[in-house]
Amino acid sequence: MTIKVNKFKCGYCGACVGVCPAGALELVETWIEVDDNCTSCGICAKICPLGAIEVSR
Amino acid sequence: MKDYYDVVVVGAGPAGSITAKTAAEKGLSVLLIEKRQEIGDPVRCAEGVSKVWLRKHINPESRWICADVKGSRIFSPDGTMIEMAEEVAGGEVGYVLERKLFDRVLAYESAKAGAQVFVKTRATGLIIEDDFVKGVRLMHWGQEYDVRCKIVIGADGIESKVGRWAGIDTSLKPVNIETCAQFLMSGTGIDQDYCYFYLGNEMAPSGYVWIFPKGGGLANVGIGILGSKSGKKTAFEYLNDFVADKYPDARILEVDVGGVPVSGSIERTTANGLMLVGDAARQSDPITGGGIINAMEAGRIAGEVACNAISEDDVSVERLNEYEEKWRSTIGLEIDNSLVVKNVFINFTDKELDGLAHSLQDVNFSSMSLLDLLYALFKANKKLLWDLRGLFRNVVKNELDFDH
Ligand SMILES: Cc1cc2nc3c(=O)[nH]c(=O)nc-3n(C[C@H](O)[C@H](O)[C@H](O)COP(=O)(O)OP(=O)(O)OC[C@H]3O[C@@H](n4cnc5c(N)ncnc54)[C@H](O)[C@@H]3O)c2cc1C
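Described below are features of the structure shown in this document. (Residues numbered from 1 in each chain as written. Chains lettered and ligands numbered in written order. Predicted model: local features only at pLDDT ≥ 70, side-chain atom pairs only at ≥ 80, totals over all residues. Heavy atoms only, no water.)

**Quick notes on the packing of aromatic side chains**
All names here are of chain B. All chains considered together, the criterion is met by 13 aromatic pairs over all chains. With 6.4 Å between their ring centres and 75° between their planes, phenylalanine 242 and tyrosine 247 make a pair best called edge-to-face. The exposure class assigned to phenylalanine 242 is buried, which follows from its relative accessible area of 7%. Using a relative accessible area of 10% as the deciding quantity, one classes tyrosine 247 as buried. (Phe/Tyr/Trp six-rings, centres within 6.5 Å; stacked < 30°, edge-to-face > 60°. Buried < 20%, exposed > 50% of the residue type's maximum accessible area, 1.4 Å probe, protein only.)

**Side note on the interface of chain B and chain A**
Between chain B and chain A, the contact holds 29 residues from the first and 24 residues from the second. Where chain B abuts chain A, roughly 2100 Å² becomes buried across the two surfaces, and 56% of that area is made up of carbon and sulfur atoms. For the interface between chain B and chain A, the tally reads three salt bridges. The shortest N-O distance in the salt bridge between lysine 120 of chain B and glutamate 29 of chain A comes to 2.6 Å. The tally of links from chain B across to chain A stands at 14 residue pairs in polar contact (both at pLDDT 80 or more). Contributing elements (two or more residues each) for the side of chain B that touches chain A: strand E9 (121–129), strand E12 (177–186), helix H5 (235–246) and strand E16 (251–261) of chain B. A per-class count over the side of chain B that touches chain A returns 10 nonpolar, 11 polar and eight charged. (Contact = heavy atoms within 4.5 Å. Buried area = accessible area lost by both parts, 1.4 Å probe. Salt bridge = Lys/Arg side-chain N within 4 Å of Asp/Glu carboxyl O. Polar contact = N/O pair within 3.5 Å; in protein donor to acceptor, adjacent residues only side chain to side chain. Helix = DSSP H or I, 4+ residues; strand = E, 2+ residues; numbered from the N terminus. Nonpolar A, V, L, I, M, F, W, Y, C, P; charged D, E, K, R; others polar.)

**Some points on the sheet that holds strand E3 (residues 48–50) of chain B**
Residue and element names in this part refer to chain B. As summarised here, the arrangement of the three strands in space is E3-E7-E4, forming an open sheet in which the pairing is antiparallel. Each end of this open sheet is capped by a strand with a single partner; those strands are E3 and strand E4 (65–68). Averaged over all neighbouring strand pairs, the angle between strand axes comes to 35°, with direction disregarded. In terms of strand pairing, E3 meets strand E7 (residues 94–97) through three bridges, oriented antiparallel. Residue pairing across strands places serine 50 opposite glycine 94, the latter belonging to E7. (Pairing = 2+ DSSP bridges. Axes fitted to C-alpha atoms, helices over the stretch in contact; angles between N-to-C directions.)

In short, shape yes, function no, at least from these values alone.
In structure tokens, the structure reads:
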């Protein structure tokens, strides 16, 4: 279970990191890293201002 | 970089830089780290700030001020306009900044006060021993370092991890974040003396569109919508629709995106050896989304408390409660009031928003505070705004006093 961040769309603003209940995301300079704690809950995809995140279940 | 400091500040936004500056001025050894290679960039802000409050932290300089704003024009969904002069707008407007420069200047201020500043340096974890935060793990140019200290300050913005590492859950529910997109545009033709706000659920569900002048014919045109209303359509798509409709011929010179915490005060912003400030502590205003001033205010308090605690050799969560008390009794009160207004505002239909605007048509705005404005709204719309009554305890008390 994880998410896919489209790096060509991502604006690396960190909003997804702020909403992740599992603390699975991190904004590393200009890209998002996802770790094993991701539950594919989809909150990040919902609030991403650019629609850059896709949930794969 | 040394391996020991009194204070390590994570994040060089307004909150972190003011904390670092305050602590360094008090004689503490301070390390300020910023993961970006350029402080302030990319911008996550509409850059509007109150003049009065800004001056409490730094003397305004023309090189980082883009526009000097006289007032606000607020439009309800049917186009009814309410105009507020500067003193009326509650200080939410005043200057429009160039944050890319402003943030760097604030970091420089901390350096002048004696703080060490390292960019492209990211905190990757905390050193925790005996339930006390004792330092940070850093990544700097691909190398890992441990830096120990007496107090860590989490000033790491919306994406804050520092609090979580110390066991404070700062994650935001969708209903507690405004998701935002903004264009820097030329050719909007707006009056550069005013900030513009557009309300309406079609245009910006549980949020608003803003247009802030950036000088020289430029403007920040942006939108924030409540996270719970985002998904099928993104903030970026809402913004594109607004711009296509209103400014089809204007040009886009920059794109900015970001999230603003609108949760109101969170339960805890301290742990043993740790304080959270600014967006990391979710201290932005739940109704306006403004967070620069609160970040700076919290930073100053945290810097002072760090000095007091370290001089008494006690950095326990009990000792750091001075920070909790000071911010909650100052900026915290305003944040709590704004949360009440937010909770009412996000449920308004367009018809209700129009009704509210119409009810103000005959009100004279020449000398009103924002609270007076809300009270005028309340008096004319008691049923709709009943949940706001708590805000007016003092206003009502004064009026009663008058009767005597
Ligand atoms: C679209 C938008 C419009 C806004 N408009 C306004 C406005 O008009 N007026 C206003 O007052 N406020 C506005 N705000 C809010 C305002 O931008 C924030 O409240 C303010 O920037 C908070 O300051 P801060 O120092 O707490 O955090 P930030 O300015 O976000 O700074 C945090 C810093 O920490 C760094 N960082 C994060 N993690 C790490 C790490 N692990 N290691 C090292 N560094 C790290 C980040 O790179 C960043 O530089 C807006 C926000 C958005 C998104």
